[in-house]
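# Per-entry structural report
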Amino acid sequence: MHGKDPASCRHPRKSIGAKRNPESADAIRQAAAEILAEKGHAGFSIEAVARRARAGKPTVYRWWPSKTALLLDVYHRQKQGMPEPDTGVLVEDLTIFLDALFRHWRDTPTGAVFRSVVAEAQSNEAAADALRAYLEGRLDHSARMVRRARDRGEVGAHVDPLLAIDMLVSFAWCRLLTGRLDMETAALRAAVGLFVDGWRPLPGGAPAPA
């Protein structure tokens, strides 16, 4: 070997074109997660990820069109296992949802990662596009809690579930970006109640105000 690093003698992972090779994709995600844990957002780059995963930069960019897209993919996967409550009571569902989200942001590196993504999206169009696409998918998913509540008559028919959950998530983002994630469960429940009280069915089934 003449003193060469054995890792440098390995063959690069093979790409299979536009379709993701699951082994290569997992290696890229793992490399991205490791670099985030070691160096944080400031030390994260596609070059570093490609080098560690033994993948070509064009392959990474083919599957994740921007650094932020890859960051959000890793961030989302780190959130796997978060509760998807369906207690039959919307205030409880949303309290469980926010409590778990706040704890995850506060107790793992994901909070700092997501703050950095939001900050980058303010001045980087590709980051803004990736964040917007991610948010649209997550809002639609989380809005199921409000849709179920509307179906059972707990929320008025005039309430747009997507807009309702957007309001709640905006509250969560504000707490994240200003470093105020230390709310106790009881305080979160009270905050959720303020939202849900405004979504109740209108008296006598009256139409929504124009």
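Notes on the structure follow. (Residues numbered from 1 in each chain as written. Predicted model: local features only at pLDDT ≥ 70, side-chain atom pairs only at ≥ 80, totals over all residues. Heavy atoms only, no water.)

### Considerations on the packing of aromatic side chains
- This structure, assessed with the given rule, holds ten aromatic pairs.
- Plain terms: the ring middles of F102 and W105 are 6.3 Å apart, the flat faces sit at 25 degrees to each other, and that makes the pair stacked. With F102 and W105 both in helix 5 (residues 90–107) and three residues apart, this pair spans about one turn of that helix.
- Note on F102 and F171: the rings are 6.4 Å apart at their centroids and 25 degrees apart in plane angle, and the pair reads as stacked. Remark: F171 occurs in helix 9 (residues 161–177) and F102 occurs in helix 5; sequence separation between them is 69 residues. (Phe/Tyr/Trp six-rings, centres within 6.5 Å; stacked < 30°, edge-to-face > 60°. Helix = DSSP H or I, 4+ residues; strand = E, 2+ residues; numbered from the N terminus.)

### A short note on the nonpolar core
- Membership of the largest hydrophobic core comes to 63 residues, with the highest contact counts inside it found for L70, W105, F114 and W199.
- Discounting residues that sit within four places of it in the chain, W199 has contacts with L90, L94, V146, V155, G156, H158, V159, A164 and M167. (Core = buried A, V, L, I, M, F, W, Y, C linked by side-chain atoms within 4.5 Å. Buried < 20%, exposed > 50% of the residue type's maximum accessible area, 1.4 Å probe, protein only. Contact = heavy atoms within 4.5 Å.)

### What to know about the side chain of E120
- Structurally, E120 can be placed in helix 6 (residues 110–121).
- In this structure E120 comes out as buried when scored by relative accessible area, which is 18%.
- Once you skip the residues sitting within four places of it in the chain, E120 turns out to touch H41, K67, T68 and A127.

### Structural notes on unusual backbone geometry
- Even without being a glycine, R54 presents a positive backbone phi close to 55 degrees.
- By the element assignment, R54 lies in the loop between helix 2 (46–53) and helix 3 (57–63).

### Some words on the pattern of salt bridges
- Scanning the entire structure with this criterion turns up 17 salt bridges.
- Between R29 and D26 there is a salt bridge; the shortest N-O distance is 3.2 Å. Of this pair, R29 and D26 both sit in helix 1 (residues 22–39), three residues apart, which is roughly one turn of the helix.
- For R29, a relative accessible area of 12% gives the class buried.
- Residue D26 is classed as partly exposed on the basis of its relative accessible area of 47%.
- The salt bridge partner of R52 is E38, with a shortest N-O separation of 2.9 Å. Taken together, the positions of R52 in helix 2 and E38 in helix 1 put the pair 14 residues apart, joining distant regions of the chain. (Salt bridge = Lys/Arg side-chain N within 4 Å of Asp/Glu carboxyl O.)

Geometry only, nothing functional implied.
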